[in-house]
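Geometric and topological summary
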Amino acid sequence: MPSSKNFPYLRHANGAQHKLLELPRSGADSLALEGLVAACSPATFGKAYQNNPTEGADVLDPSYRKALNVDAAKFGVTINLAELGILAEVKTLMAPDSADIRAELYKLNIHQAGDFFKAHVDTPRSSNMLGSLVIALPSVHEGGQLTVEHAGQQQTFDWSLTELPNAPLLQWGAFYSDCKHEVHPVTSGARITVTYNLMAVKPTLPVLKGVSPASLALRQVIEEALETPGFLEQGGTLAFGCQHAYPHNSDAFLKTDFKPQLKGADACLFAFAEDLGLSVDVKAIYKDSEDNYRIAADYIGSSFGVEYEGMVDNEYEYDYEEDGCYGVVLDNGAQKREDLIWCHEIGHGEIKEVYLHYGNDYSNSCMYSYAVILIEVPTAAILLQR
Ligand SMILES: O=C(O)CCC(=O)C(=O)O
Ligand SMILES: [Fe+2]
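Bear in mind that the values here come from a model prediction, so they are computed numbers and not experimental data.

Analysis parameters
- Residues numbered from 1 in each chain as written.
- Chains lettered and ligands numbered in written order.
- Predicted model: local features only at pLDDT ≥ 70, side-chain atom pairs only at ≥ 80, totals over all residues.
- Helix = DSSP H or I, 4+ residues; strand = E, 2+ residues; numbered from the N terminus.
- Buried ≥ 20, exposed ≤ 12 C-beta atoms within 10 Å, placed from the backbone.
- Contact = placed C-beta atoms within 7 Å.
- Pairing = 2+ DSSP bridges.
- Core = buried A, V, L, I, M, F, W, Y, C linked by C-beta atoms within 7 Å.
- Arc of directions from axis to C-beta.
- Expected span 1.5 Å × (residues − 1).
- pLDDT = per-residue confidence, 0-100.

1. Considering the overall build of the protein
Regarding its fold elements, the protein presents 6 helices and 28 strands. Of all 386 residues assigned to the protein, the portion counted as buried reaches 41%. Pairs at least 24 apart in sequence give 79% of the contacts found in the protein among residues at least 6 apart.

2. A word on the sheet that holds strand 15 (residues 153-157)
Ordered by their spatial adjacency, 5 strands build an open sheet running 7-11-17-14-15, and the pairing between neighbours is antiparallel. Only two strands of the sheet have a single neighbouring strand rather than two, namely strand 7 (65-66) and strand 15. Examined bridge by bridge, strand 7 and strand 11 (residues 116-120) share 2 bridges and lie antiparallel to one another. Its bridge partner being in strand 11, lysine 66 is matched across the sheet by phenylalanine 116.

3. Structural notes on the nonpolar core
Leu133, Ile135, Trp172 and Leu198 are the most contacted members of the largest nonpolar core, which totals 50 residues. Only helix 1 (30-39), helix 2 (86-94), strand 10 (100-112), strand 12 (129-137), strand 14 (146-150), strand 16 (170-176) and strand 18 (186-201) provide two or more residues apiece to this core. Discounting residues that sit within four places of it in the chain, isoleucine 135 has contacts with Ile79, Leu170, Trp172, Thr193 and Val194.

4. Some words on helix 2
Buried within helix 2 are the following residues: Ile86, Leu87 and Val90. Considered in projection along helix 2, the buried side chains sweep an arc of 95° and stay on one side of the axis. Away from its buried face, by an angle of more than 90 degrees, helix 2 presents the exposed residues Ala88 and Thr92.

5. Notes on helix 4 (residues 264-275)
Across its 12 residues, helix 4 extends 17 Å between first and last C-alpha, which sits within 8% of the 16 Å expected from 1.5 Å per residue. Burial analysis of helix 4 places 9 of its 12 residues in the buried class, which makes it a mostly covered element. Residues of helix 4 that are buried include every one of Gly264, Asp266, Ala267, Cys268, Leu269, Phe270, Ala271, Phe272 and Ala273, and no others. Of the residues trailing helix 4, glycine 277 is marked for its positive phi of about 80°.

6. Quick word on unusual backbone geometry
The residue alanine 151 is not glycine, and still its phi comes out positive at about 45°. Of note, alanine 151 is situated in the loop between strand 14 and strand 15. Here the phi dihedral of leucine 232 falls at roughly 45°; this positive angle occurs in a residue that is not glycine. Mapped onto the fold, leucine 232 is located in the loop between helix 3 (213-227) and strand 19 (236-241). With 17 C-beta atoms counted inside 10 Å, the residue leucine 232 sits in the partly exposed group.

7. Here we look at the environment of alanine 99
Inspection of the secondary structure assignment puts alanine 99 in the loop between helix 2 and strand 10. Judged by the 14 C-beta atoms lying within 10 Å of it, alanine 99 falls in the partly exposed class. Through-space distance from the C-alpha of alanine 99 to that of lysine 202 is 5.5 Å; in sequence the pair is 103 residues apart.

8. Describing the confidence of the model for the protein
For the protein, per-residue confidence averages 75 on the pLDDT scale, and 67% of positions sit at 70 or higher. With pLDDT under 50 throughout, residues 250-255 is counted as low confidence; its partners more than four residues away or in other chains account for 15 contacts. In the model, residues 350-357 has pLDDT below 50 throughout and makes 28 contacts with residues more than four positions away in sequence or in other chains. Note on the complex model: pTM 0.68, ipTM 0.99.

Listed below in structure tokens is the structure:
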């Protein structure tokens, strides 16, 4: 969405020299743009090794990602996200229960004519990484739409400009970074973006959670079910596959407390289950070696640990069923739970594989995993006493 205040200045190193660009005015000057292009290098992305998918490297592969970029350590930009209201808007929409949102400057990307970045998810850089923020600096270009997908829905951000604006203009978009996204080919000009990693700061005090209208409908369904005579007479555990994937440390079988990190619909579901006085928990979920995806995933645990087998790499094709490395549960206290009453599936495809194969850079310190929200329904007799 558009946002404006002052024209941003961009500082970057060009050899030993530091250059200052005022965008868009000097950005209109092709020499200034050439200087910026010269300060960048071809952009890599993270890809898992075919024979050992828990390891990987940053690779340069122009058939998957063709772009230039430069690290945050080598440029600066005078965009004040708080003053522009961007952080407040991100917090309201994406993490209303967080204490605050922190944005860490990450990269400057230039996509020139013919450049693109195929579908990937953004590599989580810490377990409190919530999302990615992309700011388009005003520069004339066509094409280069950013599409973001989640749960069968797609959102397109089109920041193309046919001429430079007379007034300051920053266009931006933010998304949960486990959502698959893609930069479509730029057809002319240069598309310049600055990216930030968004971190959710956890509250130190208990908070009253907001509940969205959409989740109120679900709350009503559960409330009515609880009141229906004969519904789960003997009690039971309702399982709701999370609609988002969550980053966790992959180096060890670390205990992960998902609750403070819950996003969107997952946070709402948790909040109203608690509000209905039901016992609710979020757990890690694994696939087993035979049933390798989604609802079949019924190993539940509080710590992570998977090993990989049978990895087949279909050269950048997104075929979740044929492609991929199948996580096998390690003996780390995970239990097979045949008793769960599944209410809906995990919202994502094989996110761990997507990340391992195609992250926006390679890092194995953190990875995404599935989680499930478990709601305990007491026996009818206990419910009656309440
Ligand atoms: O430049 C953009 O619009 C986003 C690029 C991207 O997805 C990334 O750097 O991971
Ligand atoms: Fe990305």
